[in-house]
Amino acid sequence: MIAGQSVLAKVYGDSFSAPTLMVSPGDLVRIKLVDHLDEPTNLHFHGLYVSPSGHADNIFVSVNPGRSFQYAFRLPRSAPTGTFWYHSHEMVPMDEMGRYPDTFSEEQVFDGLSGLIEVRGLNQDLPRALRGIPQRYLALRDVQIAGGQIVSTNINSDAPTTHLVDGQLDPRITIAPGQTELWHIANIGADIFYRLALPGHTFEVIAQDGHPVIHAEPATTLLLPPGKRWDVLVRGGSRGVSKLETLFYNEGDDHYPERTLATLVTTGRARPATRMPSVISWASVDLGMAHVARRRVVVFSENRAGTRFFIDGQSYDPSKINFHARLGTVEQWAVLNHTDETHPFHMHTYPMQLMSVNGVPTTFNGYQDEIVLPPHGYVVMRINFAHYTGETVFHCHILAHEDAGMMANIEVSR
């Protein structure tokens, strides 16, 4: 059931709300994917700092209908703690003419194949008085329904859509006055952006993309392109009702209207307000002080019709290694956006440090795995290619853009 309707969808298990996978640093993770669909699929463990090869976060694996694949990897003991997610990252095989058709990650994720991962331990970075606070998981996605099933071909991301939180339409969330909760928020949808607001409340950001920040920062809005995660503290205000909203957002091509996502009801016995933290973690190393082994300029662009997308003038070819990097080196990338649209840049395996946006330096406050590219602008980032060798990808995480060519392969070697 989705928003009160019986709907045909692609799911993990037997529920449209996929299971949240709970893991801890140092855990051996084993997940068996069995494909009961009539098309191939696979898994990507978005943001997890694990190998991109073998039976780990290998998006070049394709599990055919009726077959299975055993994913297995060990999470490092130094793994960052926070919110991650998993989803299909399937690519259509080469056709009989030796050409690579579009990938179809967008179809499968929009149809339901995505869920949350929580790496436990973020609450241990909080002051002792906050370590036992309630935690909530808010998985945001949208669906378009026609003929009793989710639209999964020729998806129009600018069309009217139904917004869901944990698979529910406008769920009710209760909190006590003065009570502090830890909210794990993720956009696990395929294409659209959210700009979250909770009138009368402030989001205290303690992690971004699963990486604890150094200094907690208050925010009145949170921007979540597809794939983005924020871990925030929320404190109950005065008794009453507030709306968790997504505000209007202009992506450049698509325009997302204001919508209510959930209803927050503040009720019950007031709790003594606990002081919000200032410092969360010093674990992230500032790459601004690192030796830069290589500097690159990377260009995102698209055709005039907005139907094909390119990185350095080329659409994605799975058979080609577009970039080579050396293990143990730090590189600086200037990524230019030559389009009218906003593109969320996502690098698999290796987290990034944002250095500047349109020439304006940013203050170091931890790492992220998605960086927003402003229309006709540029960002500068640094990447530490540490620990893992192998081939992986980077791409725009608007999956319609990825599927239409805005992705490239990178191989890290010794």
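Look above for the structure.
Our subject in this report is the structure included herewith. (Residues numbered from 1 in each chain as written. Predicted model: local features only at pLDDT ≥ 70, side-chain atom pairs only at ≥ 80, totals over all residues. Heavy atoms only, no water.)

1. Some remarks on the overall build of the protein chain
The helix and strand inventory of the protein chain stands at 2 helices and 32 strands. By the compact-globule yardstick of 22 Å for 414 residues, the protein chain fits well, its C-alpha radius of gyration being 21 Å. Principal-axis analysis of the C-alpha atoms gives the protein chain an extent of 70 × 55 × 45 Å. A buried classification covers 57% of the 414 residues belonging to the protein chain. Partitioning the contacts of the protein chain with sequence separation of at least 6, the portion at a separation of at least 24 is 78%. Of the roughly 17,100 Å² that the protein chain leaves accessible, carbon and sulfur atoms contribute 50%. Taken as two groups, the 32 positive and 43 negative side-chain charges of the protein chain have centres that lie 10 Å from each other. (Helix = DSSP H or I, 4+ residues; strand = E, 2+ residues; numbered from the N terminus. Rg over C-alpha atoms; globule rule 2.2 N^0.38 Å. Buried < 20%, exposed > 50% of the residue type's maximum accessible area, 1.4 Å probe, protein only. Contact = heavy atoms within 4.5 Å. Areas by Shrake-Rupley, 256 points an atom, 1.4 Å probe, with all protein chains shown as cover. Lys, Arg positive; Asp, Glu negative; His and termini not counted. Charge placed at Lys NZ, Arg CZ, Asp CG, Glu CD.)

2. Describing the packing of aromatic side chains
For the structure on display, the rule yields 15 aromatic pairs. Ring centres of Y49 and Y388 lie 5.5 Å apart, and the angle between their planes is 90 degrees; on these two criteria the pair is classed as edge-to-face. Taken together, the positions of Y49 in the loop between strand 3 (44-46) and strand 4 (68-74) and Y388 in the loop between strand 30 (378-385) and strand 31 (390-396) put the pair 339 residues apart, joining distant regions of the chain. A relative accessible area of 18% places Y49 in the buried class. Y388 gets classed as buried once you look at its relative accessible area, which sits at 17%. The rings of F300, F323, W333, F345 and F394 are connected pair by pair, giving a single aromatic cluster. Between the NZ or CZ atom of K228 and the centre of the ring of W230, over which it lies, the distance is 5.3 Å. (Phe/Tyr/Trp six-rings, centres within 6.5 Å; stacked < 30°, edge-to-face > 60°. Lys NZ or Arg CZ within 6 Å of the ring centre and 35° of its normal.)

3. A few points about the pairing of strand 27 (residues 352-357)
Within strand 27, 5 of the 6 residues are buried, leaving the element largely enclosed by the surrounding structure. Sheet analysis places strand 27 next to strand 28 (residues 360-361), joined by 2 bridges and oriented antiparallel. By the bridge assignment, V357 is partnered in strand 28 with V360. The turn linking strand 27 back onto strand 28 is made up of 2 residues, and N358 within it adopts a positive phi angle of 50 degrees. (Pairing = 2+ DSSP bridges.)

4. Focus on unusual backbone geometry
Backbone geometry places N154, a non-glycine residue, at a positive phi of 50 degrees. Relative to the assigned elements, N154 resides in the loop between strand 9 (149-150) and strand 10 (162-165). The exposed category is assigned to N154, whose relative accessible area is 78%. The backbone of T349 shows a phi angle near 70 degrees, a positive value even though the residue is not glycine. Considering the arrangement of structural elements, one finds T349 in the loop between strand 26 (343-347) and strand 27.

5. Regarding the nonpolar core
Residues L222, F300, W333, F345 and F394 are the most contacted members of the largest nonpolar core, which totals 67 residues. Setting aside chain neighbours within four positions, we find F394 in contact with V298, F300, I311, F323, W333, F345, H346, M347, M407, A408 and I410. Core analysis: the second largest hydrophobic core is formed by 23 residues, L43, Y71, A79 and F84 among them. (Core = buried A, V, L, I, M, F, W, Y, C linked by side-chain atoms within 4.5 Å.)

6. A look at the pattern of salt bridges
All chains considered together, the criterion is met by 7 salt bridges. Residues D209 and R229 are paired through a salt bridge, measuring 3.5 Å at the closest nitrogen-oxygen approach. Taken together, the residues span a long stretch of sequence, with D209 in the loop between strand 14 (203-208) and strand 15 (211-219) and R229 in strand 17 (residues 229-235) at a distance of 20 residues. Of the two residues, D209 and R229, neither departs from the other in class, the shared state being buried. Between R229 and D369 there is a salt bridge whose closest N-O contact spans 2.7 Å. Placement of R229 in strand 17 and of D369 in the loop between strand 28 and strand 29 (370-373) is noted, with a sequence separation of 140 residues between them. For the pair R229 and D369, a shared accessibility class is recorded, and that class is buried. (Salt bridge = Lys/Arg side-chain N within 4 Å of Asp/Glu carboxyl O.)

7. Let's talk about the sheet that holds strand 17
The pairing of strands in a sheet comes from backbone hydrogen bonds and takes either a parallel or an antiparallel form. Spatially, 6 strands are ordered 10-7-12-17-14-15 in an open sheet, and the strand pairing comes out mixed. Pairing within the sheet leaves two strands with one partner each, and these edge strands are strand 10 and strand 15. The sheet shows a mean angle of 25 degrees between the axes of neighbouring strands, taken without regard to direction. One ladder, built from 6 bridges, connects strand 7 (residues 135-143) with strand 12 (residues 180-187); its direction is parallel. Counterpart to A139 in the pairing with strand 12 is A186. (Axes fitted to C-alpha atoms, helices over the stretch in contact; angles between N-to-C directions.)

8. So, the sheet that holds strand 22 (residues 294-302)
If you walk across this open sheet you meet the 6 strands as 23-22-25-30-27-28, and the pairing is mixed. Only two strands of the sheet have a single neighbouring strand rather than two, namely strand 23 (309-311) and strand 28.

9. Describing the side chain of T342
As for its position among the elements, T342 is in the loop between strand 25 (329-337) and strand 26. For T342, a relative accessible area of 4% puts it in the buried group. In contact with T342, not counting residues within four places along its chain, are F193, Y249, E251, N337, V372, L373, P375 and I398.

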